[in-house]
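Each chain, letter by letter, is given below.
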Amino acid sequence: MKNHLILFVIVLMHCDLRAQSSDSLKKLPPARWARVRSVDVKHIALDIQLDWSKKQVFGTATISLSPLQKTEQIKLDAGKLSIASIKLPDGTPLVFKYDDQQPNDGLVIQLNRIYQPDENVDLKIAYRSNWNSPSDPNSLGGTNGKGLRFFGPTSTEPNRRQQLWTMGEPEGNRFWFPCYDAPNDLRTTEIKITVEKKFTALSNGRLVERKESANGMHVYHYQADIPYANHLTSLIVGEFTDVPQQVNQLTLHNYSLPDEVAATTASVVQLPEMIRYFSEVTGVPYPYPTYSQAFVQDLPWGVGGNMLSTQTENMVDDDRTHTDFLYLWDDLESETLAQQWFGNYLTPADWSHSWLSKSLARYFSELYDQHKNSSDEFHLYPRNWDRNSIYWPTWNSGYRHPLVTVHYDDPALLINDGYSIFHGAQVLHMLRKQLGDETWWKAIRHFVRTHGGGLITTEDFRKSVEVASGQPMDWFFDQWVYKMGHPIFEVSKIYNATTKELLLTVRQAQKTDWLDPHPQTEYFQGNMEIEIDGRIERVWLEAKELNTFNFSLAQAPLLVNFDYEDSWVKEIRFEKTLDELLYQFQNDSDIIGRRGAGIELVNYFKKETTSSADKGKILAAYRSVLSGKSYWRFKWGVALPQLQNMLAPPNLQSKPIPLDEATISTLLNLIRQEKAWVRASAINFLGMTRDPKYDQVYLNALNDSSDRVINVAAIALGKSKSPKAFPALKKLVNKPSWKNQSLLSSLFALQQLEDPRGFDIAYKALGDLTSPHWVLAVPIWDYRIIAAQTIKTLGKSEKAYLLLAAGFKKAMNENDIHGIFYTTLLIAELGDVRGLEIFDSLKSKFKEDANAMVAVEQFENQLKATTKTNTK
């Protein structure tokens, strides 16, 4: 499951809060205009140490700045800092006032005299931080937080790494050093960090030196000489081993956990090629003297700081696991790398323009995917994810805004929601299709070369597009960037055999929402590609309700594909006959067109009026596609799931599914011949028969090179209730695998097998606090969650609850937020009624924390629902 899912879940939580009833006028959030600067910060020098016991940073920040108008007072941002003193370089102390409740300009410094505009002032501030961003009870798989995040072993996670990392975006760095914390001021930095010998300290820029201090500590000295924005400053401390790579004269540093060097080496193999690709296509070689990435815990995805990317530890897999997930993790690695160009080298001048950096980085990771893999991969995976997994659910939730807006509640939500990243990437793809590849790349290179090293706005990008194209492009930016919405097309066709003409009628049926005050596009315009029997016709769609197009054809077309390659963000209604859908599904050169036809065929199959003969044609077409040479992701992500949707819909999967011999033969051939993900999907499908006669297929698959295949084979074996199942699943527990995937597979399968002997395996896993495991936003990767679910299925929760209750008590005593809610999650999954007793103490402890109370209520409701079901 893609880690962006974490981000999407967070966005939908906010969407629920913002969604209004359909019959009430929505209120715009307050306008947040670009912050007006009173100072020009030129350089920040930090000399800091760590207090692990108090989870604090302490030391000095020397800030070189100039006022922008005559003044005797300087204002800076400081988030919950303890300010000990502020002095001039000669030691003169300055009077200051500090209000840590003030969102901006909370630190007011009285200067020793009146300073003129552009006159330099150096301020040395001695301080200590007080903020440590806690775990989010609603996102136990990881959260960005803000400012400092300290980690260390706990009773529930005794093997948790001792680490520190920071999150500056959007306004988190003020919580660990005083600064001007807005994106519209660029400055250089020099950071000295003193740590214990066992630690590696990482920060922005080149490592000037690492030396040993008089007390045996190590001092790391970093210097960034190219100005960059405040939120891009990063600090990472932990036990790491460097895995270096080389691209020409540039050394790349990949900071691995010491016991994962081989896995890190396998996981970062594409990084040099990514550097070369982005350097070539942007027309600007990697713009900095160094690049590093470090892999840390409790971060859901990745963030590209200046010359230093902070990546989730989940990106690191051993070689065989990374082979299965390389499309996912290469996306992450390339996206954070692309942020060095889009976000660092070109920095949005204000959060309202953050879509530029976010969506360009996202889209360039997708372009690398297209370059490295194929256009089919590009269309089926990242583009399909952006639209169907992110944009549509976000839009349909009622949370809506244009890409560029000054009306937002929280910049952290704005820059990470379904629009700024994912919808923005779709808009960039539409722009590329509108311009054509040659003009698109000309525009990108003009934009990067013209504005590199500075601040950017959406208008800067528009002007570069106009320079490259020689055309006004305000209409495109107006309808897709400054306004919101998408077209709803109703398409119909008539072929006139006498005149040999095809008439295509396109009606735009969308309506603006008068209850939403955000600007909306009434009718859309632009180039539209229409595929007619393999020929691509490019027409201009006018911004009006009804457009008609005539095409000369010698005979009625077999295939008409409106919006070739699904370039537009749109809804569409275009009725086609069964024969037309069958032809398109099997013959269209557009893999997205084939996908759409396949889905329509399933809808046709499920109609009560569809004859058995027509259903047979549809099934035969699906089997033909699966047996043919279609791209593997099309088979895995489209053909197999949709065939399963017809023959084994979800409401029937609790019982054995009878499959015809032709389908079984197709599945067995896929298991023998296809890529890992297709093999896995075919085994999963075959396993729905719950027939033990296929147990040898599953047993053989337990020796597959892919853990994806092993997982579904184990589950299918469990479903079969074969007498061979338990011995094989017990043996599987100890099969070597990356982060105990074999144990996970065995536990999933034991749930299906329902053999009481599985309890001992599940109970041991539930109490294992030492083995490595993955904790993500979805429970499929954490063996302790699956162990709790398995014990619940076996109906033997008594002993397990006592184990979890003891862990919960320890976490409460230690005030370990992550441990408290993680054990609460396990108790909710276990489903033992005695677990309800913990919620009084949770409500008492977190009654003042609205976010935590959301999690408390969700877990309590989950447990109540489970126990109510169990008592029926």
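Okay, so let's go over this structure. Residue numbers here run from 1 along each chain, matching the order of that chain's written sequence. For this predicted model, a pLDDT threshold of at least 70 governs which residues receive local features, and a threshold of 80 or more governs which side-chain atom pairs are given and counted, while totals over whole chains, interfaces and linings are taken from all residues. Heavy atoms from the whole structure form the basis of all side-chain values; hydrogens and water molecules are not counted.

### Here we look at empty space enclosed by the protein
Working step 1: The way it works is a 1 Å grid over only the protein atoms, where trapped points that fit a 1.4 Å probe form a cavity and open points with protein on both sides within 12 Å along at least five of seven lines form a pocket, and then any residue with an atom within 4 Å of a point lines it. Grid points are joined across faces, edges and corners, and a volume is the space filled by probe spheres set on the points. On inspection of all chains with the given rule, the structure shows 10 cavities of 30 Å³ or more.
Working step 2: Estimates place the volume of the largest cavity at around 160 Å³.
Working step 3: Forming the walls of the largest cavity are 16 residues, and the residues nearest its centre are E169, H231, G343, S357 and K358.
Working step 4: Contributions of two or more residues to the lining of the largest cavity are made by strand 18 (302-305), strand 20 (346-348) and helix 5 (354-372).
Working step 5: For the lining of the largest cavity, the element with the highest residue contribution is helix 5, accounting for three residues.
Working step 6: Classifying every residue of the lining of the largest cavity gives six nonpolar, eight polar and two charged.
Working step 7: Considering only enclosed or pocket space, the second largest cavity measures out at about 130 Å³ in volume. Each helix corresponds to a stretch of at least 4 residues labelled H or I by DSSP, and each strand to a stretch of at least 2 residues labelled E; elements are numbered beginning at the N terminus. In this classification, Asp, Glu, Lys and Arg are treated as charged, Ala, Val, Leu, Ile, Met, Phe, Trp, Tyr, Cys and Pro as nonpolar, and every other residue, Gly included, as polar.

### Considering the side chain of E366
Working step 1: Looking at the secondary structure, you find E366 in helix 5.
Working step 2: Per-residue accessibility, obtained with a 1.4 Å probe over protein chains only, is compared with the maximum for each type, and a residue is labelled buried under 20%, exposed over 50%, and partly exposed between these values. Since its relative accessible area comes to 1%, E366 is described here as buried.
Working step 3: Polar contacts here mean pairs of N or O atoms no more than 3.5 Å apart (in protein, one a potential hydrogen donor and the other a potential acceptor; neighbouring residues in sequence count only if both atoms are side-chain atoms). Within the local environment of E366, its side chain forms a polar contact with the side chain of R362, the two groups lying 3.0 Å apart.
Working step 4: Look past the residues within four positions of E366 in its chain and what remains in contact with it is F378, P382, R383, D386 and A425. Any pair of residues with heavy atoms lying within 4.5 Å of one another is described as a contacting pair.

### Considerations on the environment of L652
Working step 1: One can find L652 in the loop between helix 15 (632-647) and helix 16 (661-673).
Working step 2: Residue class for L652 comes out partly exposed when judged on its relative accessible area of 43%.
Working step 3: For the pair L652 and E542, spaced 110 residues apart in the sequence, the C-alpha separation amounts to 47 Å.

### Section: the sheet that holds strand 9 (residues 163-167)
Working step 1: Within the open sheet, the four strands sit side by side as 8-9-14-11. Their pairing is antiparallel. Two strands close off the open sheet at either side, each with one partner strand: strand 8 (147-151) and strand 11 (200-203). On average, each strand axis in the sheet is tilted by 15° relative to the strand beside it, whichever way the strands run.
Working step 2: In this sheet, strand 14 (residues 235-238) lies alongside strand 11 in antiparallel orientation, the contact comprising four bridges. Across the sheet, T200 pairs through a bridge with G238, a residue of strand 14. Here, strands pair whenever DSSP counts at least two bridges between them. Orientation is described by lines fitted to C-alpha atoms, with helices fitted over the stretch in contact, and by angles between N-to-C directions that extend from 0 to 180 degrees.

### Quick notes on the nonpolar core
Working step 1: Joining through side-chain atoms within 4.5 Å is the link that ties buried Ala, Val, Leu, Ile, Met, Phe, Trp, Tyr and Cys residues into a set, and such a set is a nonpolar core. The biggest cluster of nonpolar side chains holds 117 residues, and the ones touching the most others in it are Y622, I683, F685, L702, L747, F821 and L842.
Working step 2: Not counting chain neighbours up to four residues away, the residues in contact with F821 comprise P137, L140, F846, A852, A855, V856 and F859.
Working step 3: Judged by nonpolar contacts, the second largest core, of 84 residues, contains M274, I275, A338 and V404.

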